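Below, each chain spelled out in residue letters.
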Amino acid sequence: PDPMPPVPQKERVTSPYGFRHYFNYCTFNYTAAWWDWKRWEREIDFMALNGINMPLALTGQNIIWYRVYRRLGFTDKELESFFSGPAYFIWFWMGNLDGWGGPLSKSFMRYHKRLQKKILRRERELGMTPVLPSFTGHVPPAFKDRYPDVDVNLVQWGEGCDIAPPTYIMSPEEPMFMEIGRMFLEEQTRVFGTDHLYSADSFNEMTPPSNDSTYLNGVADKVYRSMSQVDPEAVWVMQGWMFGYQRDIWDPQSVEALLSGAPDDRMMVIDLAVDFNNYVWKNGNSWDNLNGFYGKSWIWSTVPNFGGRTALKGPLDFYLNGHIDALESVNKGRLSGFGTSPEGVENNEILYELISAAAWSDSRIDLDTFLDSYDKARYGVADPAFTKFWSGLRQSVYDNFTNNARFIWQQRPAYHRGETMNINQHYFDGIEAFLSVADTYKDNELYVTDAVQYAALYIAAKADYALKAA
């Protein structure tokens, strides 16, 4: 607004959460694969303005891995089949695949090292504590030849992902596991410093070699000690995605065995997808089913976007108020954080506003009032046409959650899968109401930006109707 409204006195709001987490491994490729410093600077500003203080910070780690494995005797030729190309870093970092889209040039590694230094410097300047990576056992394919006496397991990325060859994961029982973990963390700390938070996911979307409680406990013990031997203040930050996604594997006994391998005050679990658990699997919250993660500190988190898809979707009231159920639960355990882990950003603007507001509230917020204030902040006015827009979309795509927010014509070649979003007449009526005031707001930059997006999504939905009728 011009002029800016006066602020007669300081306003102080305290979040019920000490940690406000942001990012998903996938975000670093689905959206940020080619971000330069200018784009990263903008994202960090967005984070700071919304009070995010615990960002995942994965950029630049490839050169650390390169230096570690070169010191262990691997040649550049041997490492060509290890590093993925820039569009596939996240699956390489999670141990899901090797060499996909590679080889990776050392000049790109150096570029990302410089970029990461800028990212971390700015995040720390703004009071954030970035989460850096650590070693989980993922080793190069040539490892089995260079170190034939070291026990490594072939592990296949999850169901339906067998297009990628298996990767090699070193057994934590091997002394060399601790050695590589130490080498990596020492080199990373030398280059990037540390804030004592380390991400490690040993079995992300992969079946562990054994479900024996002793084995799982031993894995966690070794992963944690590989951090703490270098950094006595280390806190292991673990994604809890697999506990819901692979619930047939991760029963309560297995989860408790894994989590008990690290001290309670040195592990934090991100319950990554409470929205997915509630609306897709409908099998209850992981935090509730697992007794608040058995004494570990944990973060209530959502995945409002899968695959970087751009269609509108998501239950608005849940993103604004769903966390209150956890805050009020007798089973909340050591709930200490709030987060969001979208696989892609630069989409579905309202969800990020809702989620950012939720992180600062310990009581329920009226959605109608919030949307009214959102319209005033975004467009300068709460026009009745905007109210009709929200009403229409809340009775269609904003009434539920789907991880498959695509139109039928995007699901090539399997058009027969059918519509996964709730596209109905309310959807079309809502967008028509928004576009009906285009002449009034044609000079309003944010209105025009949104109008173009909504019009495109309107036409996309009409294409679905034409396709089904063909």
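Asker: Which residues make up the pattern of salt bridges, and what values do they have?
Answerer: Pairs can form between side chains of opposite charge whenever their charged atoms are close. In the structure shown here, the tally under the stated rule is 22 salt bridges. Between lysine 106 and aspartate 76 there is a salt bridge whose closest N-O contact spans 3.1 Å. Here lysine 106 is found in helix H6 (residues 106-125), whereas its partner aspartate 76 is found in helix H4 (residues 76-79), with 30 residues between them in sequence. Judged by relative accessible area, lysine 106 falls into the partly exposed class, the value being 36%. In this structure, aspartate 145 engages lysine 144 in a salt bridge whose closest nitrogen and oxygen atoms are separated by 4.0 Å. Residue lysine 144 is classed as partly exposed on the basis of its relative accessible area, which comes to 35%. Ionic contacts of the salt-bridge type, sharing partners, join the residues Arg67, Arg71, Glu187 and Arg190 into one network.

Asker: An account of the pairing of strand E6 (residues 167-170) is needed here, citing residue identities and associated values.
Answerer: Alternating positions in E6 separate into two faces, Thr167 and Ile169 on one and Tyr168 and Met170 on the other, with burial throughout. Judged from the two bridges that link them, strand E4 (residues 138-139) and E6 form a sheet pairing that is antiparallel. Looking at E6, one finds that valine 139 is bridged to tyrosine 168. Taken together, the four bridges between strand E5 (residues 152-155) and E6 define a ladder with antiparallel strand orientation. Residue pairing in the sheet places valine 155 in a bridge with threonine 167 of E6.

Asker: Outline empty space enclosed by the protein, listing residues and values.
Answerer: Taken as a whole, this structure holds seven cavities of 30 Å³ or more when the rule is applied. Its volume calculated, the largest cavity comes out at about 120 Å³. As for the largest cavity, its lining consists of 13 residues, and the residues nearest its centre are His21, Ile52, Thr340, Ile355 and Ser356. Of all the secondary-structure elements, those providing two or more residues to the lining of the largest cavity are strand E1 (19-22), strand E11 (334-340) and helix H17 (349-358). Class assignment of the residues belonging to the lining of the largest cavity gives a composition of seven nonpolar, five polar and one charged.

Asker: With reference to specific residues and values, describe the sheet that holds E1.
Answerer: Sheet strands line up and pair through hydrogen bonds in the backbone, either parallel or antiparallel. Read across the open sheet, the eight strands follow the order E2-E1-E11-E10-E9-E8-E7-E3; overall the sheet is parallel. Two strands in the sheet have a free side with no partner beyond their single neighbour: strand E2 (54-55) and strand E3 (132-133). Taken together, the two bridges between E3 and strand E7 (residues 197-199) define a ladder with parallel strand orientation. Pairing of leucine 132 across the sheet is with tyrosine 198, part of E7.

Asker: Quick one: what's the story with the nonpolar core, residue by residue and with numbers?
Answerer: Ranked by size, the top nonpolar core spans 154 residues in total, and within it Trp40, Tyr69, Ile180, Trp236, Phe243 and Ile350 carry the most contacts. Setting aside anything within four residues of it in sequence, one finds tryptophan 40 in contact with Phe23, Phe28, Ala32, Trp35, Thr59, Leu115 and Ile119.

Asker: Could you give me a rundown of the environment of alanine 358, with the residues and numbers involved?
Answerer: Tracing the chain through its elements places alanine 358 in helix H17. Alanine 358 sits in the buried class, given a relative accessible area of 0%. Considered as a pair, alanine 358 and tyrosine 319 are 39 residues apart in the sequence and their alpha carbons are 7.4 Å apart.

Asker: Quick rundown of the layout of surface pockets? Include the residues and the values.
Answerer: A volume near 930 Å³ is recorded for the largest pocket. Taken together, 24 residues line the largest pocket, and the ones lying closest to its centre are Phe46, Asn50, Glu349, Tyr352 and Glu353. Broken down by secondary-structure element, the contributors of at least two residues to the lining of the largest pocket are helix H2 (37-49), H17, helix H18 (367-379) and helix H21 (445-469). For the lining of the largest pocket, a count of residues per class yields 10 nonpolar, six polar and eight charged.

Asker: Could you give me a rundown of the packing of aromatic side chains, with the residues and numbers involved?
Answerer: Enumeration according to the criterion identifies 58 aromatic pairs in this entry. On the basis of an interplanar angle of 45° and a centroid distance of 6.1 Å, the ring pair of tyrosine 88 and tryptophan 91 is categorised as tilted. Assessed through its relative accessible area of 12%, tryptophan 91 is described here as buried. Taken together, a centroid distance of 5.4 Å and an interplanar angle of 85° make the contact between tyrosine 427 and phenylalanine 428 edge-to-face. Under the relative-accessibility criterion, tyrosine 427 is labelled buried at 1%. Its relative accessible area of 2% is what places phenylalanine 428 among the buried residues. Site record: aromatic cluster; members linked through ring pairs are Tyr22, Phe23, Phe28, Trp34, Trp35, Trp40, Phe46, Phe89, Trp93, Phe108 and Tyr111. Cation over ring: arginine 39 sits above tryptophan 35, and NZ or CZ is 4.0 Å from the ring centre. Looking at lysine 468, its charged tip hangs above the ring of tyrosine 465, at a distance of 4.9 Å from the centre.

About the thresholds
Residues numbered from 1 in each chain as written. Predicted model: local features only at pLDDT ≥ 70, side-chain atom pairs only at ≥ 80, totals over all residues. Heavy atoms only, no water. Salt bridge = Lys/Arg side-chain N within 4 Å of Asp/Glu carboxyl O. Helix = DSSP H or I, 4+ residues; strand = E, 2+ residues; numbered from the N terminus. Buried < 20%, exposed > 50% of the residue type's maximum accessible area, 1.4 Å probe, protein only. Pairing = 2+ DSSP bridges. 1 Å grid on protein atoms, 1.4 Å probe; cavity = no way out; pocket = protein on both sides within 12 Å on 5 of 7 lines; lining within 4 Å. Points joined across faces, edges and corners; volume = space filled by probe spheres on them. Nonpolar A, V, L, I, M, F, W, Y, C, P; charged D, E, K, R; others polar. Core = buried A, V, L, I, M, F, W, Y, C linked by side-chain atoms within 4.5 Å. Contact = heavy atoms within 4.5 Å. Phe/Tyr/Trp six-rings, centres within 6.5 Å; stacked < 30°, edge-to-face > 60°. Lys NZ or Arg CZ within 6 Å of the ring centre and 35° of its normal.

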